[in-house]
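Chain and residue survey
Single-letter residue listing:
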2 protein chains.
Amino acid sequence: MAKTKRSWKWAKEKNQKYAGIHLLAEFWGGKIIENSKEIERILIGATKKAKNIPLKMVIHKFNPQGITGVVLLAESHIALHSWPEFNYLAIDIFTCGGKAKPRRALNYLKKVFKPKKVEVKEIKRGII
Amino acid sequence: MAKTKRSWKWAKEKNQKYAGIHLLAEFWGGKIIENSKEIERILIGATKKAKNIPLKMVIHKFNPQGITGVVLLAESHIALHSWPEFNYLAIDIFTCGGKAKPRRALNYLKKVFKPKKVEVKEIKRGII
């Protein structure tokens, strides 16, 4: 969980250069996972799928329900915030550089949580 | 830095109910701050301006430059990732519930970093 050097290359697409991709995803009606250790494993799993390097993680379990967690990456972060009472899970995956695969992390999270409805926004960050 | 109960109320606007607001901001040409303790104070300052409750924080300093940090909130998160070599700072502020003031956190961060150019996207999360 520790590596301090950041590999860096701007992402490129046609004539555009940008820092990275930020995916914002809304999961509705999926599996409810409230166990901190399991959420930790899921975040690490997503990190690996995105070909990212995890640095540090924080997870907080709410009382009586809901869980919130972020894994800091050498390439930014993956965050997850759940509201089991509404069967809603907010995910965001921000991966910088041209090598990261944020969609793969998202697909992995879909497989884990199996939401009935998904909405995704893809936003390019740091467009030059 | 610890409080486990989440106060919760959907945000409302006209006929729309949603979980919260996610601001994505690009700061270009601002002050370069690479000190972890200072970043910690800035994140807490932003949290207070947004009327949020900080839960946990992680900060990572890259070698040789750049800093990345996230504060987990009872209302989601504030994240900050810097690339001093490009004078670029990526900020995102995700605050759930109707009481949070994410724009105030953003204005505070503008005052601290004094960027020459700012771009902001505001995205509603969890629209019912």
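Quick notes on the rules
- Residues numbered from 1 in each chain as written.
- Chains lettered and ligands numbered in written order.
- Predicted model: local features only at pLDDT ≥ 70, side-chain atom pairs only at ≥ 80, totals over all residues.
- Heavy atoms only, no water.
- Least-squares fit on C-alpha atoms with pLDDT ≥ 70 in both.
- Contact = heavy atoms within 4.5 Å.
- Buried area = accessible area lost by both parts, 1.4 Å probe.
- Salt bridge = Lys/Arg side-chain N within 4 Å of Asp/Glu carboxyl O.
- Polar contact = N/O pair within 3.5 Å; in protein donor to acceptor, adjacent residues only side chain to side chain.
- Helix = DSSP H or I, 4+ residues; strand = E, 2+ residues; numbered from the N terminus.
- Nonpolar A, V, L, I, M, F, W, Y, C, P; charged D, E, K, R; others polar.
- Expected span 1.5 Å × (residues − 1).
- Buried < 20%, exposed > 50% of the residue type's maximum accessible area, 1.4 Å probe, protein only.
- Arc of directions from axis to C-beta.
- Pairing = 2+ DSSP bridges.

**Concerning the relation of the copies chain A and chain B**
Overlaying chain A with chain B gives an RMSD of 0.0 Å, the required rotation being 180 degrees about an axis along which the chain moves by 0.0 Å. The superposition of one copy onto the other is thereby described by a two-fold rotation axis. Considering only C-alpha atoms, the residue of chain A closest to the rotation axis is Val58(A), which sits at 3.5 Å. A share of 100% of the interface residues of chain A reappears at the interface of chain B, consistent with the copies meeting face to face through the same patch.

**Re the interface of chain A and chain B**
Each side of the interface is counted separately: chain A has 48 residues, and chain B has 48 residues. When the buried surface of chain A facing chain B is broken down by residue, Arg6(A), Trp83(A) and Arg125(A) rank first, second and third, together holding 17% of it. Between Arg125(A) and Glu26(B) there is a salt bridge, with its nearest N and O atoms 2.6 Å apart. One can count 14 residue pairs in polar contact (both at pLDDT 80 or more) joining chain A with chain B. Elements with a minimum of two residues in the side of chain A that touches chain B: β3 (20-28), β4 (54-61), β5 (67-73), β6 (76-83), β7 (88-96) and β8 (117-125) of chain A. For the side of chain A that touches chain B, the residue count by class is 26 nonpolar, 13 polar and nine charged.

**Side note on helix α2 (residues 102-113) of chain A**
All names here are of chain A. Between the first and last C-alpha of α2 there are 17 Å, a value that for 12 residues agrees with the 16 Å anticipated at 1.5 Å per step. Taken together, the buried positions of α2 are Pro-102, Ala-105, Leu-106, Leu-109, Val-112 and Phe-113. Take α2 and look down its axis: the buried residues cluster within an arc of 120 degrees, on one side only. Looking at the buried residues of α2, the elements they touch are β3, α1 (36-49), β6, β7 and β8. Residue Lys-114 follows α2 closely and has a positive phi angle near 45 degrees.

**Describing the pairing of β7(A)**
All names here are of chain A. Summarising burial for β7: nine of the nine residues are buried, a large majority. Here β7 shows two buried faces, one formed by Tyr-88, Ala-90, Asp-92, Phe-94 and Cys-96 and the other by Leu-89, Ile-91, Ile-93 and Thr-95. When β3 meets β7, the two strands line up antiparallel, connected through nine bridges. For Ala-25, the partnering residue across the bridge sits in β7 and is Ile-91. Note: β6 against β7, eight bridges, orientation antiparallel. Bridge assignment links Trp-83 to a residue of β7, and that residue is Tyr-88. The antiparallel hairpin formed by β6 and β7 contains four residues in its connecting segment, where Asn-87 sits at a positive phi of about 50 degrees.

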